[in-house]
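Residue strings, one per chain:
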Amino acid sequence: MATGWPPHLFLVGCGNMAGQMLHRWLACGLDPDRVTILRPSGRPVADGVRVVTAYPDALPQGTTVMLGMKPHQIADVAEQLAPLCTTDTVMLSILAGTTLADLRARFPSARDVVRAMPNLPVGIGQGVVALYTDEQASSAGRTEAGALMAPLGLCEWIADEALFNRVTALSGCGPAFLFRFIDALARAGEAIGIPPEQAARMAMATVQGAATMAAAQENPATLADQVASPGGMTREGLNVLDADDRLLTLLTDTLEAARDRGEAMARGH
Ligand SMILES: NC(=O)C1=CN([C@@H]2O[C@H](COP(=O)(O)OP(=O)(O)OC[C@H]3O[C@@H](n4cnc5c(N)ncnc54)[C@H](OP(=O)(O)O)[C@@H]3O)[C@@H](O)[C@H]2O)C=CC1
Ligand SMILES: O=C(O)[C@@H]1CCC=N1
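Named according to an unreviewed UniProt entry, the protein chain is Pyrroline-5-carboxylate reductase originating from Sphingobium lactosutens DS20. The heading Function (unreviewed entry) in the UniProt record of the protein chain holds the text "Catalyzes the reduction of 1-pyrroline-5-carboxylate (PCA) to L-proline." What the UniProt record of the protein chain gives under Subcellular location (unreviewed entry) is the line "Cytoplasm".

(A) Inspection of the overall build of the protein chain at higher detail. When helices and strands are counted, the protein chain shows 10 helices and 8 strands. When the backbone C-alpha atoms are referred to their principal axes, the protein chain occupies close to 70 × 40 × 30 Å. Per-residue burial for the protein chain yields a buried fraction of 37% across its 269 residues. Once local pairs closer than 6 in sequence are excluded, the contacts in the protein chain between residues at least 24 apart make up 61%. Carbon and sulfur atoms provide 57% of the accessible area of the protein chain, an area that totals close to 14,800 Å². Taken together, the 20 basic and 28 acidic charged side chains of the protein chain have centroids lying 4 Å from each other.

(B) How the structure looks around the site of ligand 2. In the vicinity of ligand 2, the residues found are Ala96, Thr168, Gly172 and Cys173. Here ligand 2 loses 48% of its free accessible area of 250 Å² to cover by the protein chains.

(C) Representation of the site of ligand 1 within the structure. Neighbouring ligand 1 are 24 residues, the closest being Asn16, Arg39, Ser41, Met69 and Gln73. Within the side chain of serine 41, one N or O atom sits 2.5 Å away from an oxygen atom of ligand 1. The separation between a nitrogen atom of ligand 1 and a polar side-chain atom of glutamine 73 is 2.8 Å. Against a free-state accessible area of 900 Å², the protein chains account for coverage of 79% of ligand 1. Those elements that provide at least two residues to the shell around ligand 1 are helix H1 (16-27) and helix H2 (74-81). The residue inventory of the shell around ligand 1, partitioned by class, reads 14 nonpolar, 6 polar and 4 charged.

(D) Expanded view of the packing of aromatic side chains. Under the defined criterion, the tally for this structure stands at 1 aromatic pair. Measuring from ring centre to ring centre gives 6.2 Å for phenylalanine 10 and tyrosine 55, while their planes differ by 55 degrees; the resulting arrangement is tilted. Of this pair, phenylalanine 10 sits in strand E1 (residues 8-12) while tyrosine 55 sits in the loop between strand E3 (50-52) and strand E4 (63-67); the two residues are 45 residues apart in sequence, bridging distant segments of the chain. We classify phenylalanine 10 as buried; its relative accessible area is 1%. Residue placement shows arginine 142 over the ring face of tryptophan 157; its charged tip is 5.2 Å from the ring centre.

(E) A look at the sheet that holds E4. Here we have 8 strands laid out as an open sheet, ordered E3-E2-E1-E4-E5-E6-E7-E8, and mixed in their pairing. On the outer flanks of this sheet lie E3 and strand E8 (153-157), each paired with one strand and no other. The sheet shows a mean angle of 20 degrees between the axes of neighbouring strands, direction not considered. Bridge count between strand E5 (residues 90-93) and strand E6 (residues 112-117): 4 bridges; the pairing is parallel. Its bridge partner being in E6, valine 90 is matched across the sheet by aspartate 112. Packed on one face of the sheet, H2 meets E1, E4 and E5 and runs near 160 degrees to E4. Packing against the sheet, helix H4 (residues 139-149) makes contact with E1, E4, E5, E6, strand E7 (127-132) and E8, and its axis sits at approximately 155 degrees to E8.

Basis of the calculations
- For every chain, the first residue of the written sequence is number 1, and numbering continues from 1 onward in sequence order.
- Note on labels: chains are lettered from A, ligands numbered from 1, in written order.
- Where totals are concerned, whole chains, interfaces and linings use all residues; where local detail is concerned, this predicted model gives features only for residues with pLDDT of at least 70, and gives and counts side-chain atom pairs only at 80 or more.
- To obtain the side-chain values, all non-hydrogen atoms of the structure were used and water was disregarded.
- UniProt positions are given in the numbering used here, feature names are shortened, and annotations may be inferred rather than shown by experiment.
- Helix and strand assignments come from DSSP, with helices taken as H or I runs of at least 4 residues and strands as E runs of at least 2, each series counted from the N terminus.
- To sort residues, take the accessible area from a 1.4 Å probe on protein chains only and compare it with the maximum for the residue type: under 20% means buried, over 50% means exposed, and anything in between is partly exposed.
- Whether two residues touch is decided by their heavy atoms; if any such pair falls within 4.5 Å, the residues are in contact.
- To be clear on the numbers: accessible area is Shrake-Rupley with a 1.4 Å probe, and residue cover counts the displayed protein chains and nothing else.
- Residues counted as positive are Lys and Arg, residues counted as negative are Asp and Glu, and His and the chain ends are not counted.
- We put the charge of a Lys on NZ, of an Arg on CZ, of an Asp on CG and of a Glu on CD.
- For each residue, the test is whether any non-hydrogen atom lies within 4 Å of the molecule or strand; if one does, the residue is near.
- Side-chain atoms alone can form a polar contact between residues adjacent in sequence; in general such a contact is a pair of N or O atoms within 3.5 Å, and within protein one must be able to donate a hydrogen while the other accepts it.
- Ten residues, namely Ala, Val, Leu, Ile, Met, Phe, Trp, Tyr, Cys and Pro, are considered nonpolar, four, namely Asp, Glu, Lys and Arg, are considered charged, and the remaining ones, Gly among them, are considered polar.
- Whether two aromatic rings pair depends on their centres lying within 6.5 Å, for rings of Phe, Tyr and Trp, where Trp uses its six-membered ring; planes under 30 degrees apart make the pair stacked, over 60 edge-to-face, and the rest tilted.
- Each ring is checked for a lysine NZ or an arginine CZ that lies within 6 Å of its centre and within 35 degrees of its normal; such an atom marks a charge sitting over the ring.
- Pairing between strands requires that DSSP locate at least two bridges from one strand to the other.
- Where helices are involved, their axes are fitted lines through C-alpha atoms of the stretch in contact, as for all axes, and angles between N-to-C directions lie from 0 to 180°.

What follows is the structure, given as C-alpha cells:
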C-alpha cells in the first residue's frame, strides 16, 4: 500500500467525508507526518496530523491537494490556494457538482486535476469511489489518483463527465438512501407490532446479512427468489414492492432528484 502514498497530502477541509478518507488512509499506513489539513476551526483530526487554519507560504514538492470543503466555498479557496499550485501539484476534488473545466480554470498551474466521488463507507474500506479526468491528464496523474483511492473500496473510472452526477446520485448519495431504508424497515416492523428496539436490531442485521450475501453471490434477483417460496409470505410482500414497479420508480425518482441537484450546482445554483 505504501507505494500509493503521495510525498505530501494537503487536505482543504476535513469534515464528514474527507475525514473518513483520511481515517482509512491512516489505518492503511499513511504516515501522518505527510499530511497537512486546512480547516477554519483548527480542530485536531488524528494523532500526528498537522492542522492549520491559514494557507502556508508554499506546499512541499509533489504535494497532492484534495478539495474536501463544501462546493460553494470553491471561489474563496481557489483565491488562496491557486497561487500555491505548481506544475507538480496533483489536484483531487471531491466536490459535488463542480466540473473539471471549472477546477482547471481555477487552478491553472496544477499538473493534473482529477474528480473523485467517494461515499461514506470508505472509512471502513468498503466505499465506492468514482473517478474522472480527461485526456489532458497525464497517465502518472491518473495512476497516482487511482493508487491513493484504492484502499478506500471499489474504484470506478467514469468515461464521460456527463455521467458524474449520475454516479454521484447512485453511490455518493446512496449510503444515505440505504440508511433511510434501514430506518424504514425498522419502523415498518414497529408499525406491525414488533418492539421498537428489537425491530431496529433485526432490520440492521437483516440488511447487513443480505448485503454481504448479495456481494458474495449471484444476482440479487435470484437471491430474492430463493427467499420467496411459491405461495408463501415473501411473495406477497414482493408483490407490493413490485406492483407498478413501485420500488423501482421510487428509486429512479430519488436518483433523478439527486442527479438534477448536481447539475444545478454545476450551473452555479
Ligand atoms: N458527505 C458525503 O457523504 C459526501 C460528501 N462529498 C463532498 O465532500 C465535501 C465535504 O462534504 P462534508 O464532508 O459532508 O462536509 P463537512 O461540512 O462535514 O466538512 C466541510 C469541511 O470544510 C471545512 N471548511 C469550511 N469552510 C472552509 C473554507 N472556507 N476553506 C476550507 N475549508 C473549509 C470545514 O472545516 P471545519 O471542520 O473547521 O468547520 C470542514 O472540515 C463536499 O464538497 C461534498 O460535495 C462527496 C461525497 C460524499
Ligand atoms: O449531498 C451531497 O451533495 C454530497 C454528494 C454526495 C454525497 N454528499
